[in-house]
Amino acid sequence: MTNKDIFPINGTDYIEFYVGNSKQAAIFYQAGMGFKLVAYRGPLTGVPDRESYVVQQGKIRFVLTSAISGDHEIAKHVNKHGDGVKDLALWVDDAKQSFETAIARGAEIAYEPYTITDDNGSVTLAAIKTYGETIHTFVERKNYKGLFLPGFEAKENDRKDLDCGLKVVDHCVGNVGWGQMDIWTKFYQEVMGFELLVTFDDKDISTKYTALMSKVVSNINGNGYIKFPINEPAKGLKKSQIEEYLDFYEGAGVQHIALMTHDIIATIERLRENGIEFLYVPDTYYDTVTERVGEIEEDMEMLKKLNILIDRDEEGYLLQLFTKPVMNRPTVFFEIIQRKGAESFGKGNFQALFESIEREQELRGTL
Ligand code: FE2
């Protein structure tokens, strides 16, 4: 630890998606991604204007929310951005204090602190704005023993538990506009005392055609659980994949959420069986990979069969793979990651990966 942690965060509390049809999205996350349905709030529990389903796997909690009427702010969000991430909610011990610190240090108010109560206790919530229309809710749940938040009712179904081995949120990546990366990394440094972990410039992340820049900020003065890489487009011969995202999302927003597993081979096998689609990795990637990453414990044939990518840094290695976009628009996708000592983000895979993304951009006619 180099500095005092001015903004204590326990971890990611939940990630809320605004979607067109939360009832059906909940099935996708269960049947496709291995989540379990745990809670519900909506017209059936006395909240007439929106319907939310909460799904959970390991410590990962997603809230899927849709509006019930067309002129609702949630419907407008979906109309503009397509299905997307609204809220990267952070678990704190004192939501009011977190909120006040953030505002005093330059954040904008999304909503003021308020406390909700039911038989299981109370939760205090407050939120600040970040890039695009995305927000961070601060969730204080130390006086609550219910399963999610007051107002949500437990909800289960008869689906068999087909967990895919996903455990925690590893990192959440934002895409922001030209020249905005430094503004938003500075925002996290100033508002939450995060520190810069790594910087990738367009020399690190470019193919023949498209380029991007990225900086990663994290609460490394605290537990280091929160890692927010921020990307911006860079000039290339053709359109950057970040620019494509910004066009389709109609603004800045969350690009991908990395979910950690302790057994990536079992996880990817299960996800593929469930019909989840991943970015294609050319067979040639595996011709030189051992040279680049050295010896690893996993069976290389298995990794090749499942298209899993490998990278090494000074501390160890990591295994990762990226889904195709999971929305209709080429916007949000998931990364599946297993860390074997490595604390980095797979820089050595960028080249193979971006060539794969470009193949898809070309098919969409947006390259
Ligand atoms: Fe990532």
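What counts, and at which threshold
Residues numbered from 1 in each chain as written. Predicted model: local features only at pLDDT ≥ 70, side-chain atom pairs only at ≥ 80, totals over all residues. Heavy atoms only, no water. Helix = DSSP H or I, 4+ residues; strand = E, 2+ residues; numbered from the N terminus. Rg over C-alpha atoms; globule rule 2.2 N^0.38 Å. Buried < 20%, exposed > 50% of the residue type's maximum accessible area, 1.4 Å probe, protein only. Contact = heavy atoms within 4.5 Å. Areas by Shrake-Rupley, 256 points an atom, 1.4 Å probe, with all protein chains shown as cover. Lys, Arg positive; Asp, Glu negative; His and termini not counted. Charge placed at Lys NZ, Arg CZ, Asp CG, Glu CD. Polar contact = N/O pair within 3.5 Å; in protein donor to acceptor, adjacent residues only side chain to side chain. Donors = N, O, S within 2.8 Å, 3.2 Å for Na, K, Ca; no water. Patch = residues over 30% accessible without salt bridge, like charges linked within 9 Å, V, L, I, M, F, W, Y side chains within 5 Å. Salt bridge = Lys/Arg side-chain N within 4 Å of Asp/Glu carboxyl O. Pairing = 2+ DSSP bridges. Axes fitted to C-alpha atoms, helices over the stretch in contact; angles between N-to-C directions. Domains from an automatic or database assignment. Nonpolar A, V, L, I, M, F, W, Y, C, P; charged D, E, K, R; others polar. Core = buried A, V, L, I, M, F, W, Y, C linked by side-chain atoms within 4.5 Å. Arc of directions from axis to C-beta.

## Focus on the overall build of the chain
From N to C terminus, the chain includes 9 helices and 17 strands. Against the globule reference of 21 Å for 367 residues, the chain gives a C-alpha radius of gyration of 20 Å, in line with a compact fold. Its C-alpha atoms put the chain at 60 × 45 × 40 Å along the principal axes. The 367 residues of the chain split such that 54% are buried. Within the chain, contacts between residues separated by at least 24 positions form 68% of all contacts whose residues are at least 6 apart in sequence. Carbon and sulfur atoms form 49% of the exposed surface of the chain, whose accessible area is close to 16000 Å². Positive and negative charge centroids in the chain, built from 41 and 57 side chains respectively, lie 2 Å apart.

## Here we look at helix 5 (residues 241–249)
Each α-helix winds once per 3.6 residues, and so residues spaced three or four apart point in a common direction. Residues of helix 5 that are buried: Gln241, Ile242, Glu244, Tyr245, Leu246 and Tyr249. One side-chain oxygen of the residue at the start of helix 5 lies 3.1 Å from the amide nitrogen of Ile242, identifying that residue as Ser240. Following helix 5 by one or two positions, Glu250 has its phi on the positive side, about 60°.

## Notes on the coordination of the iron ion
Coordination of the iron ion by the protein is provided by His171 (NE2), His256 (NE2) and Glu335 (OE), with metal-donor distances spanning 2.0 to 2.2 Å. On the accessibility criterion, Glu335 (2% relative accessible area) is buried.

## Here's the deal with a nonpolar patch on the surface
On the surface, a nonpolar cluster with roughly 190 Å² of combined accessible area is contributed by Leu197, Val198 and Ile220. Structurally, Ile220 is set in the loop between strand 12 (211–218) and strand 13 (227–234).

## Some points on the sheet that holds strand 4 (residues 60–67)
Read across the sheet, 9 strands follow the order 6-7-8-5-1-4-3-2-9 without closing on themselves; strand pairing throughout is mixed. At either margin of the open sheet sits one strand with a lone partner, and together these are strand 6 (109–118) and strand 9 (153–154). In the sheet, strand 2 (residues 36–41) pairs with strand 9 via 2 bridges, with the strands oriented antiparallel. The residue of strand 9 that forms the bridge with Tyr40 is Glu153. In the packing of helix 1 (residues 22–32) onto the sheet, the strands contacted are strand 1 (11–18), strand 2, strand 3 (50–57) and strand 4, and the crossing angle to strand 3 comes to about 5°. Packing against the sheet, helix 3 (residues 95–104) makes contact with strand 5 (84–92), strand 6, strand 7 (121–129) and strand 8 (135–140), and its axis sits at approximately 10° to strand 7.

## A few points about the pattern of salt bridges
One pass over the full model with this rule turns up 17 salt bridges. Across the pair Lys215 and Asp182 runs a salt bridge, and its minimum N-O distance is 2.5 Å. Linking Lys215 in strand 12 with Asp182 in helix 4 (residues 181–192), this pair joins segments that are 33 residues apart in sequence. A residue is classified by how much of its surface remains accessible, and Asp182, at 40% relative accessible area, is partly exposed.

## Here we look at the domain arrangement of the chain
Along its sequence, the chain is carved into domain 1 (9–154) and domain 2 (166–364). Its C-alpha centre places domain 1 at a distance of 25 Å from the equivalent point of domain 2. Between domain 1 and domain 2, the residue contacts involve 41 residues of the former and 38 residues of the latter. Where domain 1 touches domain 2, the interface holds 1 salt bridge. Here Lys80 and Glu250 are joined by a salt bridge, their closest N and O atoms 3.9 Å apart. Viewed at the interface, domain 2 and domain 1 are joined by 13 residue pairs in polar contact (both at pLDDT 80 or more). Those elements that provide at least two residues to the side of domain 1 that touches domain 2 are strand 1, helix 1, strand 4, helix 2 (73–81), strand 5, strand 7 and strand 8. Here the element with the most residues in the side of domain 1 that touches domain 2 is helix 2; it accounts for 5 residues. Tallied by class, residues from the side of domain 1 that touches domain 2 come to 19 nonpolar, 16 polar and 6 charged.

## Some remarks on the nonpolar core
Ranked by internal contacts, the top residues of the largest apolar core, which has 90 residues, are Phe17, Tyr29, Phe62, Phe138, Met192, Ile257 and Ile310. If one sorts the elements of this core by residue count, helix 4 sits on top with 6 residues. Residue contributions to this core reach at least three from each of two domains, namely domain 1 (9–154) and domain 2 (166–364). Not counting chain neighbours up to four residues away, the residues in contact with Phe138 comprise Phe7, Leu90, Val92, Ala95, Ser98, Phe99, Ala102, Thr124, Leu125, Ala126, Ile128 and Met192. Among the nonpolar cores identified, the runner-up in size contains 13 residues, and Val38, Leu125, Phe148 and Phe152 belong to it.

## Focus: helix 3
Within the span of helix 3, buried status applies to Ala95, Ser98, Phe99 and Ala102. On an axial view of helix 3, the arc spanned by its buried residues comes to 100°, and they lie on one face. Along its buried surface, helix 3 packs onto strand 5, strand 6, strand 7, strand 8 and helix 4. The N-terminus of helix 3 is capped by Asp94, whose side-chain oxygen sits 3.3 Å from the backbone nitrogen of Lys96.

## Remarks on unusual backbone geometry
The residue Glu250 is not glycine, and still its phi comes out positive at about 60°. Although it is not a glycine, Asn307 adopts a positive phi angle of roughly 70°. Within the secondary structure layout, Asn307 lies in the loop between helix 8 (300–306) and strand 15 (309–313). The buried category is assigned to Asn307, whose relative accessible area is 10%.

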